[in-house]
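This is what each chain is made of:
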Amino acid sequence: MGKFVIRKTAAGFHFVLKAGNGEIIATSETYKSKDACKNGIESVKKNAPDADVVEED
């Protein structure tokens, strides 16, 4: 089962999405607050399940 991990850095907060095997499969932008970071996680959960895959040249 995958999980979102919130990390605090000197610049703010960001999250990574880890696969069930512990590998990082996505990294977010840096947010100024933990609440904003959590909102970013909720946005990914809401918008990504049916997202199209597009290849750009």
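First, a word on scope: everything that follows refers to the structure included in this document. (Residues numbered from 1 in each chain as written. Predicted model: local features only at pLDDT ≥ 70, side-chain atom pairs only at ≥ 80, totals over all residues. Heavy atoms only, no water.)

To continue, consider the overall build of the chain. When you go through the chain residue by residue, the secondary structure sums to 1 helix and 3 strands. Listed by position from the N terminus, the elements making up the chain come as β-β-β-α. Along the first, second and third principal axes, the C-alpha atoms of the chain reach 35 × 25 × 25 Å. Within the chain, the proportion of its 57 residues that are buried is 21%. (Helix = DSSP H or I, 4+ residues; strand = E, 2+ residues; numbered from the N terminus. Buried < 20%, exposed > 50% of the residue type's maximum accessible area, 1.4 Å probe, protein only.)

The next point concerns the pairing of strand S3 (residues 24–27). In this structure, strand S2 (residues 12–18) lies alongside S3, joined through 3 bridges in antiparallel fashion. What sits directly across from Leu 17, in S3, is Ala 26. Hairpin geometry of S2 and S3 is characterised by an intervening segment of 5 residues between the two adjacent antiparallel strands and by a positive phi of about 90 degrees at Gly 22. (Pairing = 2+ DSSP bridges.)

Formed by Phe 13, Phe 15, Tyr 31, Cys 37 and Ile 41, the largest nonpolar core amounts to 5 residues. Listing elements by their share of this core, those giving two or more residues are S2 and helix H1 (34–47). Among residues more than four places away in sequence, those in contact with Ile 41 are Phe 4, Ile 6 and Phe 15. (Core = buried A, V, L, I, M, F, W, Y, C linked by side-chain atoms within 4.5 Å. Contact = heavy atoms within 4.5 Å.)

The subject of this paragraph is the pairing of S2. Counting buried positions along S2 yields 7 of 7 residues, so the element is predominantly enclosed. Where strand S1 (residues 3–9) lies against S2, 7 bridges are found, and the strand directions are antiparallel. Its bridge partner lying in S2, Arg 7 is registered against His 14.

Read from one edge of the open sheet, 3 strands run S1-S2-S3, paired in antiparallel fashion. Of all the strands in the sheet, the pair left with one neighbour each is S1 and S3. Across the sheet, the mean angle from the axis of one strand to that of its neighbour is 30 degrees, orientation sign disregarded. Most of the contacts of H1 go to S2, to which it runs at about 30 degrees, and overall it touches S1 and S2. (Axes fitted to C-alpha atoms, helices over the stretch in contact; angles between N-to-C directions.)

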